[in-house]
Amino acid sequence: MIKEFKDFINQGNLVDMAVAFVLGTAFAALVKSFTDDILMQIVSMIFGKPDFSNLSFTINDSVIRYGSFLNAVIAFVIVALAMFMVVKAYNAMKKDSDVEEELDEQTQLLTEIRDALQNR
């Protein structure tokens, strides 16, 4: 039973998922800090408030708090932009390695053809 548990823990998918979770958590903290400590401070220089959560209006004694929604939208856009940039960089690196692999396969095939012609 202990061996089965060790095998389960050491499965590649579980370890990959745990690493992704930890990196995702750290990335979320980084984005939150960037949003709160840098971007919203720049917004405060322009608009006078670093936080929109107090923005609201009232209709028939109902308070509509649209400021918190604006904060969430800004955070979402920043996360989406950051993820877009990460995926774009990853795809560029992957494309380069795919080209190298394709060239390696072509070189190998040409080498095999050359060797086959020499052996005739």
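Keep in mind the model is a prediction, meaning the values are calculated, not measured.

A. Main features of the overall build of the chain. Each helix and strand in the chain was counted, giving 3 helices and 2 strands. Secondary structure of the chain in N-to-C order comes out as α-α-β-β-α. Since a compact globule built from 120 residues should have a radius of gyration of about 14 Å, the 26 Å found for the chain marks it as more spread out than a globular shape. The principal-axis extent of the C-alpha atoms belonging to the chain is close to 90 × 50 × 30 Å. Going through the 120 residues of the chain one by one, you find that 8% of them count as buried. For the chain, contacts bridging at least 24 residues in sequence account for 27% of all contacts bridging at least 6. Accessible area for the chain stands at about 10,300 Å²; split by element, carbon and sulfur atoms hold 66% of it.

B. Region of interest: the pattern of salt bridges. This structure, assessed with the given rule, holds 1 salt bridge. Aspartate 115 is the partner of arginine 114 in a salt bridge, and the nearest nitrogen-oxygen pair spans 3.1 Å. Its relative accessible area of 45% is what places arginine 114 among the partly exposed residues.

C. Looking closely at a nonpolar patch on the surface. Residues Phe34, Ile38, Ile42, Met45, Ile46 and Phe47 make up a contiguous nonpolar surface patch of roughly 680 Å² in combined accessible area. Along the polypeptide, isoleucine 46 turns up in helix α2 (residues 12–47).

D. Seen up close, the packing of aromatic side chains. Following the criterion strictly, the structure yields 1 aromatic pair and no others. Taking 5.7 Å as the distance between ring centres and 40 degrees as the angle between the ring planes, the aromatic pair formed by phenylalanine 57 and tyrosine 66 counts as tilted. With a relative accessible area of 39%, phenylalanine 57 lands in the partly exposed category. Relative accessible area serves as the criterion here: at 35%, tyrosine 66 is assigned to the partly exposed category.

E. The arrangement of the confidence of the model for the chain in detail. Of all residues in the chain, 92% have pLDDT values of 70 or greater, and the mean over the chain is 81. Predicted confidence in the chain is weakest over helix α1 (residues 2–9), with a mean pLDDT of 79, and strongest over strand β1 (residues 57–59), with 90.

What counts and how
- Residues numbered from 1 in each chain as written.
- Predicted model: local features only at pLDDT ≥ 70, side-chain atom pairs only at ≥ 80, totals over all residues.
- Heavy atoms only, no water.
- Helix = DSSP H or I, 4+ residues; strand = E, 2+ residues; numbered from the N terminus.
- Rg over C-alpha atoms; globule rule 2.2 N^0.38 Å.
- Buried < 20%, exposed > 50% of the residue type's maximum accessible area, 1.4 Å probe, protein only.
- Contact = heavy atoms within 4.5 Å.
- Areas by Shrake-Rupley, 256 points an atom, 1.4 Å probe, with all protein chains shown as cover.
- Salt bridge = Lys/Arg side-chain N within 4 Å of Asp/Glu carboxyl O.
- Patch = residues over 30% accessible without salt bridge, like charges linked within 9 Å, V, L, I, M, F, W, Y side chains within 5 Å.
- Phe/Tyr/Trp six-rings, centres within 6.5 Å; stacked < 30°, edge-to-face > 60°.
- pLDDT = per-residue confidence, 0-100.

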